[in-house]
Amino acid sequence: MTSFNRSTSRRLKKLTQIPSVWEGDRRPLSSPNQHSDSEEKGECILWVDYSQGVVRGMDVVASDVGPEAIVRTLMRAMEHPHSPARPARPQRIVVKDREIQFYLRGVLQDLDIAIDYAPELPLIDELFRGFADILDSQTPDLPPQYAQILREKAFAIWQAAPWEFLEEQQILSIEINKWDIGTLYASVMGMLGMEYGILFYRSEESLKQFRAAVLKDEESTDHLEEAFLKQDCLFLTFESTDETDEDEDEDEDEEADLADLPLSEIDPTFGNIHPLEGLRSVLYEEEALVIFVAIESLSRFIRDHRRQLHGETFPTLSRRYRISLPQSEESIKSVAVTVSTMPQLAAELEEMAGFDVEEQEIGNQGSPTFQSLQDDLIPEDSFLSLGVVSWEMLEYLRKGVSYHKAGEIKQVGDGLPVILIQTSRPKAKIVIERIEATGGLTAICFNPGADSFDGDRYDLGLLQTKNGELFLFGEFLDEDPIHVEAREKWNQRCKNTLGYCGLIIAKGLTGASRGNPQLRDMMALFEARSLSPKDLGIGTLQLMPQLKFE
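To keep things clear, this report deals only with the structure shown in the data block. Note that the structure is a prediction, hence the values are computed from the model and not measured. (Residues numbered from 1 in each chain as written. Predicted model: local features only at pLDDT ≥ 70, side-chain atom pairs only at ≥ 80, totals over all residues. Heavy atoms only, no water.)

**Regarding the overall build of the protein**
Reasoning step 1: Scanning the protein for helices and strands turns up 16 helices and 23 strands.
Reasoning step 2: Put simply, the protein has 550 residues, and 47% of those count as buried.
Reasoning step 3: Across the protein, contacts joining residues at least 24 apart in sequence account for 68% of those joining residues at least 6 apart.
Reasoning step 4: For the protein, the accessible surface area stands at approximately 29,200 Å², while carbon and sulfur atoms represent 47% of it. (Helix = DSSP H or I, 4+ residues; strand = E, 2+ residues; numbered from the N terminus. Buried < 20%, exposed > 50% of the residue type's maximum accessible area, 1.4 Å probe, protein only. Contact = heavy atoms within 4.5 Å. Areas by Shrake-Rupley, 256 points an atom, 1.4 Å probe, with all protein chains shown as cover.)

See below:
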């Protein structure tokens, strides 16, 4: 048995011994009326002075911590007690656990303290009854009868991943007409890979007001917080079960993406936002039923119209469902719900954000005349490779990712030649959106480049978009044997396909699939034509002093 050091025993014996009886115990932090696992909450160690009626020391420890913990709390109760108690040593200690009694007798044998057993500890029993009452009076995050089924429906939405094809402004209406709810307006968050979830606005007006407030002053944190709390909506969001250390490296945080985590590490959160209530992560019974119906009908709609929603335009769709309610005190057994897309509202929200203006400006730059080469499309830390995807894999890609067709491709040779760019999910989203904003990808070309300062010559990988812009995706030394071999295979494969090739944008740069992305990591396929330097007609690009090819 572990015992005090002699110096510690001498120090404790110097404390004034008062004629008091102290009670001590260790109990689970849960109420008898609660069904949660006490191990998740730990145990409370309590030392009280029964004679004076004060708590001298209290600690919360994990359930698997050994008996030493109760001694550590007792030492603090003697040397550094809670106010108003003063440092002292008791004359007698009473516990209701025989094992604790025998353990303390061995450890405290040099301190002249009597260690007794009693079947009841009046003061500690009263304190723990108070703790249990507090726990019983706490409102759970979800009504117990709906907690499990709501989490199941939330995980179904997570696996359906509507943010892969729906943008925040592409609103879906969910007409319920029950529990004082007419229509909810669902806005899907997550396409940028920053925050995943769904906001269910109670009115179209609230949705528009929030968008207008955010666009009014995007730089003011205080303004954004105020606008956030003025929303009128229910919400479902997803977080990692592993709390991130705030001191972690910023670059690592930037690359982290919730979508790359396994389902076991994802935690759904439900709640409500209202201008007069603010934010609360608690749902009451009617709200739980409303959000259950909304999530279930939305899941079915996504299942039924996934292919149409994947298209380049936001289609006009509507479908009616009858949703069976989970067992409740409600007399009704099911609710008829109509889910519809809202292309007109989406266009209005895009106009508010200035999307139409930006697209018009891009369209006005559509001259094929080359002005300069842009090098800010592909993130610097991306993984890049020249390769090929088999014709079988190509069919899977066309069905499973954001797909942009270039024409009818003859299936000659071992597959379609492709440029693969792998980065983090948020950065991949940005790359895809920028290419789509220019009208799409038209050509991939390798063009000569030269550095007049050191005499190096390069093979520059270029992407040409529909509006005539050129983007640099790679710089390869002419003398690099690995690149020379890859280029020879690229040219032969492009010859087999009569000039057709492709660009694949993938996520998972920091995961296990780094450098070898799997089908689940691939986010977009842009088919294009391969251009020769002669077809491109811009000559050799020179590296200028400002470190840009022009």
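**Points about the nonpolar core**
Reasoning step 1: By size, the foremost hydrophobic cluster in this structure holds 51 residues, and its most contacted members are I174, I176, F200, F238 and F270.
Reasoning step 2: Top element by residues in this core is helix 10 (residues 285-309). It accounts for 12 residues.
Reasoning step 3: Beyond its immediate stretch of four places on either side in the chain, I174 contacts G182, T183, L184, A186, F200, A294, S297, L298, V337, T338 and V339. (Core = buried A, V, L, I, M, F, W, Y, C linked by side-chain atoms within 4.5 Å.)

**Overview of the pairing of strand 10 (residues 266-274)**
Reasoning step 1: Taking burial as the measure, the 9 residues of strand 10 include 7 buried ones, the bulk of the element.
Reasoning step 2: Bridge analysis of strand 10 against strand 11 (residues 278-280) gives 3 bridges, and the strand direction is antiparallel. The partner of I273 across the bridge, within strand 11, is L279.
Reasoning step 3: The turn joining strand 10 and strand 11, which pair antiparallel and follow one another in sequence, is formed by 3 residues. (Pairing = 2+ DSSP bridges.)

**So, helix 7 (residues 204-216)**
Reasoning step 1: Counted at 1.5 Å a residue, the expected span for helix 7 with its 13 residues is 18 Å, and the 18 Å between its end C-alpha atoms agrees.
Reasoning step 2: Within helix 7, burial applies to S206, L207, F210, R211 and A213. For helix 7, the buried positions fall inside an angular range of 165° around the axis, keeping them on one side. The exposed set on the far side of helix 7, more than 90 degrees from its buried face, consists of E205 and K216. (Expected span 1.5 Å × (residues − 1). Arc of directions from axis to C-beta.)

**Quick look at the packing of aromatic side chains**
Reasoning step 1: Tallying each qualifying case throughout the model produces 8 aromatic pairs.
Reasoning step 2: On the numbers, 5.5 Å between centres and 75° between planes, the contact of W158 with Y196 is edge-to-face. In this pair, W158 sits in helix 6 (residues 144-160) while Y196 sits in strand 8 (residues 196-201), placing the two residues 38 residues apart along the sequence. As far as burial versus exposure is concerned, W158 and Y196 are alike and both buried.
Reasoning step 3: Ring pairing ties together the aromatic residues W158, W163, Y196 and F238, which thus form one cluster.
Reasoning step 4: If you follow R98 out to its NZ or CZ, it ends over the ring of Y117, 3.7 Å from the centre.
Reasoning step 5: In this structure, R529 is placed above the aromatic ring of Y500, and the distance from its NZ or CZ to the ring centre is 4.2 Å. (Phe/Tyr/Trp six-rings, centres within 6.5 Å; stacked < 30°, edge-to-face > 60°. Lys NZ or Arg CZ within 6 Å of the ring centre and 35° of its normal.)

**Let's talk about the sheet that holds strand 1 (residues 17-28)**
The strands making up a sheet associate through backbone hydrogen bonding, with each pair oriented either parallel or antiparallel.
Reasoning step 1: Ordered by their spatial adjacency, 5 strands build an open sheet running 3-2-1-4-5, and the pairing between neighbours is mixed. Looking at which strands have only one partner, the edges of the open sheet turn out to be strand 3 (54-61) and strand 5 (114-117). Strand-to-strand twist across the sheet, computed as the mean angle between neighbouring axes with direction ignored, equals 20°.
Reasoning step 2: Where strand 1 lies against strand 4 (residues 89-95), 5 bridges are found, and the strand directions are parallel. Counterpart to Q17 in the pairing with strand 4 is R89.
Reasoning step 3: Along the sheet face, helix 3 (residues 68-79) touches strand 1, strand 2 (43-49), strand 3 and strand 4 and points at about 145° away from the line of strand 3. (Axes fitted to C-alpha atoms, helices over the stretch in contact; angles between N-to-C directions.)

**A few points about the packing of helix 6 against helix 10**
Reasoning step 1: Put simply, helix 6 and helix 10 touch, their axes get as near as 10 Å, and they point 25° apart. When the axis of helix 6 is compared with that of helix 10, the two are roughly parallel. Considering how the two elements wind past one another, helix 6 and helix 10 form a crossing that is left-handed. Between helix 6 and helix 10, the contacting residues are Q145, Y146, I149, L150, K153, I157 and A160 on the first element and E285, A288, L289, I291, F292, I295, E296, L298, S299, I302 and R306 on the second.
Reasoning step 2: A breakdown of the residues in the contact of helix 6 with helix 10 according to their chemical character gives 12 nonpolar, 2 polar and 4 charged. (Parallel < 35°, antiparallel > 145°, perpendicular 65-115°, else oblique. Left-handed = near helix turned anticlockwise from the far one by under 90°. Nonpolar A, V, L, I, M, F, W, Y, C, P; charged D, E, K, R; others polar.)

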